[in-house]
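Close look at the chain arrangement
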Amino acid sequence: MRVDVNAPAWHGQRWAARTALAAAALAVLLPLGYGGLDGVLLLAAGLAGGAVTAAAVWWTLTRRGPARWLAAVLAAVTPTVVVVLFVVTLGWVLVLSPVLWAVAVWSGRYALRSTGTRPRHMKEHRARSVRRPFLLMNPRSGGGKVERFGLREKAERLGARVVLLDPEEHQDVTALARAAVAEGADLLGVAGGDGTQALVAAVAAEHDLPFLVVCAGTRNHFAMDLGLDRADPAACLDALTDGVELRVDLGFAADHPFVNNASFGAYAAVVQSPAYRDDKIGTTLELLPDLLTRQRGPRLTARIDATTLDGPQAVLVSNNAYRTDDPVGLGRRERLDSGLLGILGVKVDSAAEAAALLLDPDPEGLAVLSAREVIVDADRPEIEVGVDGEALILPTPVHCRIVPGALRVHVPRKRPGVPEAQPRLNWRQLRKLAATAGRA
């Protein structure tokens, strides 16, 4: 297949690639040229400052008492000193260089948008009409969003049967959902947190029923990655009358479903503490020193196909992979239908390794993988697991898996959607594109 690179679109891409390369070069060379030897020393000081800051953060998390406070001060003061040095030495160049870098990034991504690197979006299917929708609503979730947005009233006007969870007693939402199915419900939905969403979603998937997400929780990560309007939970109910269907994957840790992730290691141990709900920061700072230095908690092993992660302090297994190459998109998933789990493993045993996480483009202490299955084992018969934020104790080994396309989610036809991920900057590809001439 021959592509006419003289066509207007390719012509614009070539010049965008050239602009990106030129702007990136100027962004780096201008401070060095303007500052001379001072510019070179300043660059070294910036790298050293980044390393010291990362190390100080590590000491802050792994020490107690005066040593922790001294490390915290160092973590705050070091980047401040570096910034002041840059301002004093470079002056106006400090403003121009980031502007040039922004031009380079924007131009580079523009040039790569039509080179076949753009992600595939989730496909929409026609949503069949439902007659007996059933919704569970947690009146306390999200600080009372059910009442504040009139979710019960709107759902009932649209023909749904609504059951409010009793905040004073524990209720088995899985049993409630199964009872609704036995009574003839043809759609299950939840207005609540992601943990409750996952439990009811598993029942919907089990009976091949559509599922409705109403973002009435605190963070609503699942709703965010479905492209729903988290600022207006009531808009989610429009899917009952004017919706489309998305086929998305569902993750399991042992037999426990998750729509977002299952976490093992330090974070999972912290959320197990009874004090965590009332004092998240204090509890985390109290427990992390022992957890990160391996004085407390299990020694984990994660097996992903032919790869073994030995002794990571934390492992995050997610229903589809989180973005890691775009700071703006951190915490988001481009898709929920790839059929693969995302795996993030972190192993840091010293301040030097903590600095490498910040400065090394490919640090040894960070593993980013994808697979259909993950087995997390430990040196004890049971381990703490955080499943969509819910604290559980599960027997080892824990088998994590993904069921592709298990969940039929109904979403409103009109919704904000998932922001399109920008192409990853590939400087080698940009150089090739910039040098292209004639026909390729």
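Residues numbered from 1 in each chain as written. Predicted model: local features only at pLDDT ≥ 70, side-chain atom pairs only at ≥ 80, totals over all residues. Heavy atoms only, no water.

This model, assessed by the stated rule, comprises one cavity of 30 Å³ or more. If you add up the space inside the largest cavity, you get close to 40 Å³. Surrounding the largest cavity, S318, A321, Y322, T324, G342, I343, L344, V368 and L369 form its lining. The leading source of residues in the lining of the largest cavity is strand β12 (residues 341-346), at three residues. Class assignment for the residues of the lining of the largest cavity results in six nonpolar, three polar and no charged. (1 Å grid on protein atoms, 1.4 Å probe; cavity = no way out; pocket = protein on both sides within 12 Å on 5 of 7 lines; lining within 4 Å. Points joined across faces, edges and corners; volume = space filled by probe spheres on them. Helix = DSSP H or I, 4+ residues; strand = E, 2+ residues; numbered from the N terminus. Nonpolar A, V, L, I, M, F, W, Y, C, P; charged D, E, K, R; others polar.)

Further remarks concern the pattern of salt bridges. Under the counting rule described, the total for this entry stands at 16 salt bridges. Overlapping salt bridges bring together D208, E245, R247 and R408 as one network. (Salt bridge = Lys/Arg side-chain N within 4 Å of Asp/Glu carboxyl O.)

Bringing the sheet that holds strand β16 (residues 390-395) into the picture now. In space, the six strands of this open sheet follow the order β13-β12-β11-β8-β15-β16, with antiparallel pairing throughout. Two strands bound the open sheet, and with one partner strand each, they are β13 (366-371) and β16. Sheet twist, expressed as the average angle between the axes of neighbouring strands with direction ignored, equals 20 degrees. Sheet topology places strand β8 (residues 261-265) next to strand β11 (residues 314-319); five bridges connect them, and they run antiparallel. (Pairing = 2+ DSSP bridges. Axes fitted to C-alpha atoms, helices over the stretch in contact; angles between N-to-C directions.)

Attention shifts here to the packing of helix α4 (residues 93-112) against helix α13 (residues 427-435). As a packed pair, α4 and α13 sit with axes 11 Å apart at the nearest point and diverge in direction by 70 degrees. In terms of orientation, α4 lies roughly perpendicular with respect to α13. Along the contact surface, α4 presents W101, A104, G108, A111 and L112, while α13 presents W427, Q429, L430 and L433. Tallied by class, residues from the contact of α4 with α13 come to seven nonpolar, two polar and no charged. (Parallel < 35°, antiparallel > 145°, perpendicular 65-115°, else oblique. Contact = heavy atoms within 4.5 Å.)

The next subject is a negative patch on the surface. On the surface, E353, D360, D362 and E364 cluster together into a negatively charged patch. Structurally, the position occupied by E364 is in the loop between α12 (351-359) and β13. (Patch = residues over 30% accessible without salt bridge, like charges linked within 9 Å, V, L, I, M, F, W, Y side chains within 5 Å. Areas by Shrake-Rupley, 256 points an atom, 1.4 Å probe, with all protein chains shown as cover. Lys, Arg positive; Asp, Glu negative; His and termini not counted. Charge placed at Lys NZ, Arg CZ, Asp CG, Glu CD.)

A surface patch of nonpolar side chains, amounting to about 560 Å² of accessible area, comprises Y34, W92, V95, L96, V99 and V103. Of all the elements, α4 adds the most residues to the nonpolar patch, at four residues. By the element assignment, V103 lies in helix α4. Judged by its relative accessible area of 35%, V103 is partly exposed. (Buried < 20%, exposed > 50% of the residue type's maximum accessible area, 1.4 Å probe, protein only.)

A cis amide bond, omega -5 degrees, links T396 with the succeeding residue P397. Mapped onto the elements of the fold, P397 is located in the loop between β16 and β17 (398-412). A positive phi angle, near 55 degrees, is found at N220, a position not held by glycine. Using a relative accessible area of 4% as the deciding quantity, one classes N220 as buried.

Moving on to the packing of aromatic side chains. The geometry of an aromatic ring pair is captured by the separation of the ring centres together with the interplanar angle, meaning the angle of the planes. Under the defined criterion, the tally for this structure stands at one aromatic pair. The interplanar angle of 10 degrees and the centroid separation of 5.6 Å between the aromatic rings of W106 and Y110 together place this pair among those described as stacked. With W106 and Y110 both in helix α4 and four residues apart, this pair spans about one turn of that helix. The exposed category is assigned to W106, whose relative accessible area is 53%. Looking at R18, its charged tip hangs above the ring of W15, at a distance of 4.7 Å from the centre. Against the face of F252 rests R401, its NZ or CZ located 4.4 Å from the ring centre. (Phe/Tyr/Trp six-rings, centres within 6.5 Å; stacked < 30°, edge-to-face > 60°. Lys NZ or Arg CZ within 6 Å of the ring centre and 35° of its normal.)

With respect to the helices, strands and loops of the structure, N261 is situated in strand β8. On the accessibility criterion, N261 (17% relative accessible area) is buried. Discounting chain neighbours no more than four positions away, the residues touching N261 are L316, V317, S318, Y322, G386, V387 and D388.

Once that is clear, we can look at the nonpolar core. Across soluble globular proteins, you tend to see nonpolar side chains buried next to one another. L135, L151, L188, F211, F222, L226 and V248 are the most contacted members of the largest nonpolar core, which has 54 residues in total. Once you skip the residues sitting within four places of it in the chain, V248 turns out to touch M122, F222, L226, L336, G405, A406, L407 and V409. Counting residues in hydrophobic clusters, the runner-up holds 24 residues, among them A262, I304, A371 and V398. (Core = buried A, V, L, I, M, F, W, Y, C linked by side-chain atoms within 4.5 Å.)

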